[in-house]
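Residues per chain are reported as follows:
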Amino acid sequence: PMSTRSEIPSYNPLNDPALASYFQRKFQWNSTHEPPSRAPRSRTKPAKLKATASRKKSRAPGSKTIRLRVHTSKSSSPASKSEKLVTIIGTKGKTERMLLAAPGVHFKAGSVDKFDIAVPTLGTIQKVILENTSTRKTDAWRVSKVTVEKGKGDKRKDYKLLGPVWLSAHHDDRKLKRVLVVENARQASGISEYELEVYTGDKRHAGTSAGVSIQLVGKRGKSSFHELVRSQSRDFERDSVSKFSITTQPLGKLQHCVIKSDGKGVGSDWYLTRIIVQHTNTGNTYVLPCNSWLNSQNLERTLSVSDRDVGMTTYVI
């Protein structure tokens, strides 16, 4: 008897003209006689710096090699496995943000990690910016100091950047990014940098649309008034933290600040709880409580430095 089943012709997708454009896009392959080969994936990541080994590496023209030593405090997390980033800043330039360590056991408590880094022309080293990418408590990182060795032999120059500082979401002020300034360069620069955190209260109509300016006053002088220009839509809104940076002449130990509102705009009244000021040159942090309104009756407040953490709630039992 004759078979009623029709024979299905063989099918080879490699010879299908309808798929030719797909293979060309996917594998950059135009032939219908050779199977496509998978191209290796290209992944771009920040430059990874591994612990140093005494071997020569190719460098870009004009680049030089410096040695970075990171001293992790004994009170740090036993083994922080998170990625760490570093930026080195000098008088003539700075590096890109570089990956200091990929995930793995690095920066163990009490350890010193060394890195050889090819850098562009930096001039005199001024600052090192460190970043911790993890908010987990097991990755909390405390750095006791950083040293940078530049040059060799008689031309070698060492730079020391002192801590200790936490890069942790669970310690101190819970910051994951720190700026360490070279010892002695702080006074030599004649410039002081301050980072401000301005806390608006959690009350009805606490936020403001008015313009805000601040003056810092220390033992050695006072700054001019700096306008705190909004960079985010949430700045000075109810229950928000607004961050700013200002540069001024050295002020010495901070004593108080003067905060002013221009009283303009609809909803210009503002309930300010506190301002936290960090001197980035030294790492010193000052808390200036307010817990008051700035409104048409009082557009200016003088806030004194507190000797206690006003962010803590005191309970009487």
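Residues numbered from 1 in each chain as written. Predicted model: local features only at pLDDT ≥ 70, side-chain atom pairs only at ≥ 80, totals over all residues. Heavy atoms only, no water.

J.: Residues and numbers for the pairing of strand 8 (residues 141–150), please.
T.: Here seven bridges tie strand 1 (residues 64–72) to strand 8, and the two strands are oriented antiparallel to one another. Counted as the bridge partner of T72 is V143 from strand 8. Here strand 8 pairs with strand 9 (residues 157–167) via nine bridges, running antiparallel. Across the sheet, the residue bridging to T147 is K160, located in strand 9. Here strand 8 folds back onto strand 9, and the loop between the two strands holds six residues, one of which, G151, carries a positive phi near 85°. (Pairing = 2+ DSSP bridges. Helix = DSSP H or I, 4+ residues; strand = E, 2+ residues; numbered from the N terminus.)

J.: Break down the sheet that holds strand 8 for me, with residues and values.
T.: Reading across the sheet, the four strands line up as 6-1-8-9 and stay open at both edges, with antiparallel pairing between neighbours. This sheet does not close on itself; its edge strands, each paired only once, are strand 6 (112–119) and strand 9. The mean inter-strand angle of the sheet, taken between neighbouring strand axes irrespective of direction, is 20°. Two elements, strand 1 and strand 6, share eight bridges in a ladder whose sense is antiparallel. By the bridge assignment, T65 is partnered in strand 6 with A118. (Axes fitted to C-alpha atoms, helices over the stretch in contact; angles between N-to-C directions.)

J.: Before we move on, could you go through the packing of aromatic side chains and cite the residues and values that matter?
T.: Counted under the stated rule, the structure contains five aromatic pairs. Between the aromatic rings of F236 and W270, the centroid separation amounts to 5.2 Å while the plane-to-plane angle is 75°, which identifies the pairing as edge-to-face. Taken together, the residues span a long stretch of sequence, with F236 in the loop between strand 14 (226–227) and strand 15 (241–248) and W270 in strand 17 (residues 270–279) at a distance of 34 residues. F236 sits in the buried class, given a relative accessible area of 0%. Ring-pair connections join several aromatic residues into one group, and the members of that group are F107, F115 and W141. Positioned over the ring face of Y271 is K203, at 5.0 Å from the centre of the ring. (Phe/Tyr/Trp six-rings, centres within 6.5 Å; stacked < 30°, edge-to-face > 60°. Buried < 20%, exposed > 50% of the residue type's maximum accessible area, 1.4 Å probe, protein only. Lys NZ or Arg CZ within 6 Å of the ring centre and 35° of its normal.)

J.: So what's going on with the side chain of Q278? Which residues, and what values?
T.: Mapping Q278 onto the fold places it in strand 17. For Q278, a relative accessible area of 9% gives the class buried. Contact partners of Q278, with chain neighbours within four places excluded, come to D173, K175, R178, E193, Y194, E195, G283, N284 and T285. (Contact = heavy atoms within 4.5 Å.)

J.: For the environment of G267, give the residues involved together with the corresponding values.
T.: Of note, G267 is situated in the loop between strand 16 (254–261) and strand 17. Counting along the chain gives 61 residues from G267 to A206, while the straight-line C-alpha distance between them is 8.9 Å. Setting aside its immediate chain neighbours within four residues, G267 contacts G207, T208 and S209.

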